[in-house]
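Inside the fold
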Amino acid sequence: MSRPLQLALFLLGATIFGYLVAQIGVAQLVSDAERTGFMFVPIVLLYALVYACSARAWQLTMGDSDRPSFWRAYALTISAGALNFLTPVVNAGGEPFRVAALAPWVGKRRAAGSVILHRMLHSFTYVLVWFTAIVLALALLPRETPNVVRVILGVVGLLLLGVIALFMSAHRSGVLERILNWLSRVPLLRRLAAALEPKRAMFIELDRQITEFYHRHPGRFVQAILLEYLSRCIFMLELVLIVASLGFRISYVQAFSIGGLEAIAGNVLFVVPFEIGAREGAFYMLFNLFGLDPQLGLYTSIVSRVRDFVWIGAGLVLIWMAGDQTPRGAPAASAAPQV
């Protein structure tokens, strides 16, 4: 990765980061951190484990040879997470960054295949977590919860089962070329399909990498999914710690259900930049729905934002480290991809 590109990414991210800090206010962020007290340290460190699991899962998709070390993959994962947060609506600014940073080791196509594959596994695990959260919610919600809420959760659960089936189909038989074919049949998207048509051979190759990982390395496929799922399980402890910092208690299964349902709400409201207001409102309503003090939900959302800022700052700093080192004997950009 070139130094000018690193500098551009760093400056862009730092500008947005500074704007968000100014909007919330440094004093407010410091006050929230002080109120949480010493518990803020393990809350922040939990995300180090979350990123570690995700980085290892990504490393599994790269193959055995010509890949960066775990620590470099770890740094790239943190930086990409920061860029994803700073690109609202699409939340995908970190993926091209990962491709560019990984390419010196494995070549452009193999890097793109690895990043796309990991993104699919990451998204697939999110859906599994959401489904788990709905199952837990149906069992944990108070008896006086309106039936309409249970019906909505049941319908969403059935939809998620369909999405899980779709993801499994994509890993077995590929999905990128099928998406391109689908785009060409939708009137409003035919121009996009026409623009992407020259890249069909690349999509076919990426599909091959995705399906080969599933068929030739089923153990790695399962391990990567388990690591991503474990990362979400670790993340849900954050709610337990935040509530405990105020002298209250919440069970882990409650925290898992609330965290998973909030993630569903956040993805439904993906058009809201940085989830401003959406995260706070979702936590407030969910804590109330589970018979807990809704003010705890509001405070939880605030502390989680402070944690976001800490890791965004760390990710921006690590951008400088992401492209400093070029591996010896790096493959050419046109190197034949493999999994």
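Data block above holds the structure.
Computed from a predicted structure; not experimentally measured. (Residues numbered from 1 in each chain as written. Predicted model: local features only at pLDDT ≥ 70, side-chain atom pairs only at ≥ 80, totals over all residues. Heavy atoms only, no water.)

Considerations on the overall build of the protein
Of the regular secondary structure elements, the protein holds 14 helices and zero strands. When each of the 339 residues of the protein is scored for burial, the buried share is 48%. Roughly 16,100 Å² of accessible area belongs to the protein as shown, and the carbon and sulfur atoms make up 68% of that amount. (Helix = DSSP H or I, 4+ residues; strand = E, 2+ residues; numbered from the N terminus. Buried < 20%, exposed > 50% of the residue type's maximum accessible area, 1.4 Å probe, protein only. Areas by Shrake-Rupley, 256 points an atom, 1.4 Å probe, with all protein chains shown as cover.)

With respect to the environment of Asp-66
Tracing the chain through its elements places Asp-66 in the loop between α3 (40–60) and α4 (70–85). The class of Asp-66 is partly exposed, set by a relative accessible area of 42%. On a C-alpha basis, the gap between Asp-66 and Val-106 in space is 5.9 Å, while along the polypeptide they are 40 residues apart. Once residues within four sequence positions are removed from consideration, Asp-66 is found in contact with Trp-105, Val-106 and Arg-110. (Contact = heavy atoms within 4.5 Å.)

Concerning the packing of aromatic side chains
For the structure shown, the criterion picks out 13 aromatic pairs. Geometrically, the ring pair formed by Phe-124 and Phe-167 is tilted, given 5.6 Å between the ring centres and 55 degrees between the ring planes. Here Phe-124 is found in helix α6 (residues 108–140), whereas its partner Phe-167 is found in helix α7 (residues 147–173), with 43 residues between them in sequence. Grouping residues by exposure puts Phe-124 and Phe-167 together as buried. (Phe/Tyr/Trp six-rings, centres within 6.5 Å; stacked < 30°, edge-to-face > 60°.)

Here's the deal with the pattern of salt bridges
Taken as a whole and judged by the stated rule, the model has seven salt bridges. The partner of Glu-212 in a salt bridge is Arg-208, and the shortest N-O contact between them spans 2.6 Å. One end of the pair is Glu-212 and the other is Arg-208, both in helix α10 (residues 200–216) and four residues apart, which spans about a single turn. Accessibility expressed as a relative area gives 18% for Glu-212, which makes it buried. One salt-bridge network, in which partners are shared between bridges, spans Glu-95, Arg-98 and Arg-119. (Salt bridge = Lys/Arg side-chain N within 4 Å of Asp/Glu carboxyl O.)

A short note on the packing of α6 against α10
Close contact between α6 and α10 brings their axes to 9 Å; oriented N to C, the two are set at 55 degrees. Relative to α10, α6 is oriented oblique. Our pair here, α6 against α10, has a crossing hand that is right-handed. Facing α6, whose interface residues are Arg-109, Arg-110, Ala-112, Gly-113, Ser-114, Ile-116, Leu-117, Met-120 and Leu-121, α10 presents Met-202, Glu-205, Leu-206, Gln-209, Ile-210 and Phe-213. For the contact of α6 with α10, the class distribution of residues is nine nonpolar, three polar and three charged. (Axes fitted to C-alpha atoms, helices over the stretch in contact; angles between N-to-C directions. Parallel < 35°, antiparallel > 145°, perpendicular 65-115°, else oblique. Left-handed = near helix turned anticlockwise from the far one by under 90°. Nonpolar A, V, L, I, M, F, W, Y, C, P; charged D, E, K, R; others polar.)

Taken by themselves, the reported measurements are silent on function.
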